[in-house]
Amino acid sequence: MNINALSYNDGVLTLLDQTKLPHATVYRDYTDYETIARAIEEMIVRGAPAIGMTAAYGAVIGARQFTGDAHFTDYMENVIDRLWHTRPTAVNLMWALNRLKPLVRDNPAETIQRLEQAAHDIFKEDAEINRRIGEHLLEVLHDGVTLLTHCNPGALATAAYGTATAPMYLAHERGWNIKVYSDETRPRLQGALTAYELSQAGIDVTTITDSTAATLMQQGKIDAVIVGCDRIAANGDTVNKIGTMPLAICANYYNVPFYVAAPTPSFDISLADGSRIPIEERQSVEVTTLNEQALSIPDVPVYNPAFDITPHKLITGIATEHGIIKANKEAIIQLFEKKEIT
Ligand code: MRU
């Protein structure tokens, strides 16, 4: 697995343009926080952990751009505010910026150094967190397993391994025979990214339309569903890419285990339940066109929420870097009280 969604070197952030995959591999260099903010909005980079890390490096680059024509801490507040308001749902974005905010000092040079270190730490930790999530999930899987996933919770959405894809990469490394079905994930087709990265790694992956998932479960062909997440409320309600909740309902009906892979930065325990999580609504053009080609859709209003809320009762377990926990308030409180690395 050799995919870098983002990398940073000496004031230059490089993003792999995910809107061009899988047909073209285009890397773009960024030295300006405003264009980094737009890259997040336009989904050149996407996936909860990846947008958090991109925002963190965006703040570093913003600090480096300071020209001395304002008070530095006020200037940094504006930089962070701009990055904060790029996408509303994935809490990893706010989590990363909250981690950087207290490191801002009056002195720009000192701030740049502190922010850069923090952004590097977040990046390094993300890869390690995902590897641990993968190892915990392997404990409930087996050689020969057939998995179903949705959206792209993969290496392209993280520093490495992905969250829901981590057990797939680790199983493959161990020589297990695994098969993965990847929902195409209308309307932005992030499932194509999953199919791309898993096939690059030599993992047996099959693309299906979102509506085929139920049929595969009915046919008894799916051993477990594993998805990523953008934000988990204190009671375990989970917000992830639109189409996740119907998968959980189907899995529940057909007795298929349904796991959410979740780094602890994806939890928002300040919110009691999923109904309080802001759900991003995106433009109608995402539904009415495909690769800028108009689809045969009449000129009527479009409703295009990017995420849905899976009720915690439908979730078999939440796989975190500290182990797999139940999707309920008690288990989540315990996780945040203990947070022992296992
Ligand atoms: O709109 P996107 O592509 O940013 O949405 C991404 C997802 O919903 C992923 O499943 C989620 O961020 C988990 S990524 C490890």
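All values derive from a computational prediction rather than experimental measurement. (Residues numbered from 1 in each chain as written. Predicted model: local features only at pLDDT ≥ 70, side-chain atom pairs only at ≥ 80, totals over all residues.)

Colleague: Would you explain the overall build of the chain in this entry?
Modeller: On a plain count of helices and strands, the chain comes out with 11 helices and 16 strands. For 342 residues, the compact-globule formula gives about 20 Å, and the C-alpha radius of gyration of the chain, at 20 Å, lands near that figure. Each of the three principal axes of the chain carries a C-alpha extent, and together these read 65 × 50 × 40 Å. For the chain, the proportion of its 342 residues judged to be buried stands at 47%. (Helix = DSSP H or I, 4+ residues; strand = E, 2+ residues; numbered from the N terminus. Rg over C-alpha atoms; globule rule 2.2 N^0.38 Å. Buried ≥ 20, exposed ≤ 12 C-beta atoms within 10 Å, placed from the backbone.)

Colleague: I would appreciate a short explanation of the sheet that holds strand S2 (residues 12-16) in the present structure.
Modeller: Sheet strands associate in pairs through backbone hydrogen bonding, adopting either a parallel or an antiparallel arrangement. Strand order in the open sheet formed by 3 strands is S1-S2-S3, with antiparallel pairing between adjacent strands. Taken across any chain shown, the strands that pair with only one partner, and hence form the sheet edges, are strand S1 (6-9) and strand S3 (27-30). Strand-to-strand twist across the sheet, computed as the mean angle between neighbouring axes with direction ignored, equals 20°. Pairing of S2 with S3 involves 4 bridges; the strand directions are antiparallel. The residue of S3 that forms the bridge with leucine 16 is tyrosine 27. Taken strand by strand, helix H2 (residues 48-64) contacts S1, S2 and S3, and its axis lies near 20° from that of S1. (Pairing = 2+ DSSP bridges. Axes fitted to C-alpha atoms, helices over the stretch in contact; angles between N-to-C directions. Contact = placed C-beta atoms within 7 Å.)

Colleague: Honestly, the environment of asparagine 130 in this entry has me stumped. Any pointers?
Modeller: By the secondary structure assignment, asparagine 130 is in helix H5 (residues 108-138). The exposure class assigned to asparagine 130 is buried, which follows from the 30 C-beta atoms found within 10 Å. As a C-alpha pair, asparagine 130 and aspartate 223 span 93 residues in sequence and 21 Å in three-dimensional space. Residues in contact with asparagine 130, not counting those within four places in the same chain, are Thr158, Ala160, Tyr161, Gly162, Thr163, Ala166 and Pro263.

Colleague: Would you mind showing me how to read H2 here?
Modeller: Owing to its 3.6 residues per turn, the α-helix aligns residues three or four sequence positions apart on the same side. When the terminal C-alpha atoms of H2 are compared, their 25 Å separation across 17 residues agrees well with the 24 Å that a helix rising 1.5 Å per residue should span. Burial analysis of H2 places 16 of its 17 residues in the buried class, the great majority of the element. (Expected span 1.5 Å × (residues − 1).)

Colleague: Where do I start with the UniProt feature "active site" (unreviewed entry) in the chain in this structure?
Modeller: When the UniProt feature table is mapped to this numbering, "active site" (unreviewed entry) covers Asp230. Among the secondary structure elements, aspartate 230 is positioned in the loop between strand S7 (224-227) and strand S8 (231-233). Judged by the 30 C-beta atoms lying within 10 Å of it, aspartate 230 is buried. Apart from the residues lying within four places of it in its own chain, the contact partners of aspartate 230 are Ala48, Thr89, Ala90, Val239, Asn240, Ser266 and Phe307. (UniProt positions renumbered as here; feature names shortened; annotations may be inferred.)

Colleague: Just to check I follow, could you spell out the UniProt feature "site: Transition state stabilizer" (unreviewed entry) in the chain for this structure?
Modeller: With numbering matched to this structure, UniProt assigns "site: Transition state stabilizer" (unreviewed entry) to Cys151. A tally of 30 C-beta atoms within 10 Å means that cysteine 151 is categorised as buried. Sequence-distant contacts of cysteine 151, that is, excluding residues within four places in its chain, are made with Thr185, Gln190, Gly191, Gly228, Asn240 and Lys241.

Colleague: Explain the nonpolar core to me, please; I cannot follow it from the model alone.
Modeller: If you look at soluble globular proteins, the nonpolar side chains tend to sit buried side by side. With 101 residues, the main nonpolar core has Ala56, Ala59, Val225 and Ala261 as its most contacted residues. Here the element with the most residues in this core is H2; it accounts for 11 residues. Setting aside residues no more than four positions away along its own chain, alanine 261 makes contact with Ile133, Leu137, Pro153, Thr163, Ala164, Ala166, Ile226, Gly228 and Ala319. (Core = buried A, V, L, I, M, F, W, Y, C linked by C-beta atoms within 7 Å.)

Colleague: Any chance you could explain the site of the ligand here in plain terms?
Modeller: The full set close to the ligand counts 18 residues, and Arg46, Ala48, Ala157, Gly228 and Lys241 are the nearest of them. Among the secondary structure elements, those contributing two or more residues to the shell around the ligand are H2 and strand S9 (238-241). By residue class, the composition of the shell around the ligand is 8 nonpolar, 7 polar and 3 charged. (Near = placed C-beta within 6 Å. Nonpolar A, V, L, I, M, F, W, Y, C, P; charged D, E, K, R; others polar.)

Colleague: Can you help me understand the packing of H2 against helix H4 (residues 91-100) in this one?
Modeller: For any two helices packed against each other, the geometry is given by the interaxial angle and the distance between the axes. Between H2 and H4, whose axes approach to 7 Å, the crossing angle comes to 30°. H2 and H4 meet at a crossing whose hand is right-handed. Between H2 and H4, the contacting residues are Ala48, Pro49, Ile51, Gly52, Met53, Ala55, Ala56 and Ala59 on the first element and Asn92, Leu93, Trp95, Ala96, Leu97 and Leu100 on the second. A breakdown of the residues in the contact of H2 with H4 according to their chemical character gives 12 nonpolar, 2 polar and no charged. (Left-handed = near helix turned anticlockwise from the far one by under 90°.)

Colleague: Where do I start with the environment of tyrosine 196 in this structure?
Modeller: Along the chain, the position of tyrosine 196 falls in helix H7 (residues 190-200). Sequence spacing of tyrosine 196 and threonine 207 is 11 residues, and the spatial spacing of their C-alpha atoms is 9.8 Å. Excluding residues that lie within four positions of it along the chain, tyrosine 196 makes contacts with Leu21 and Pro22.

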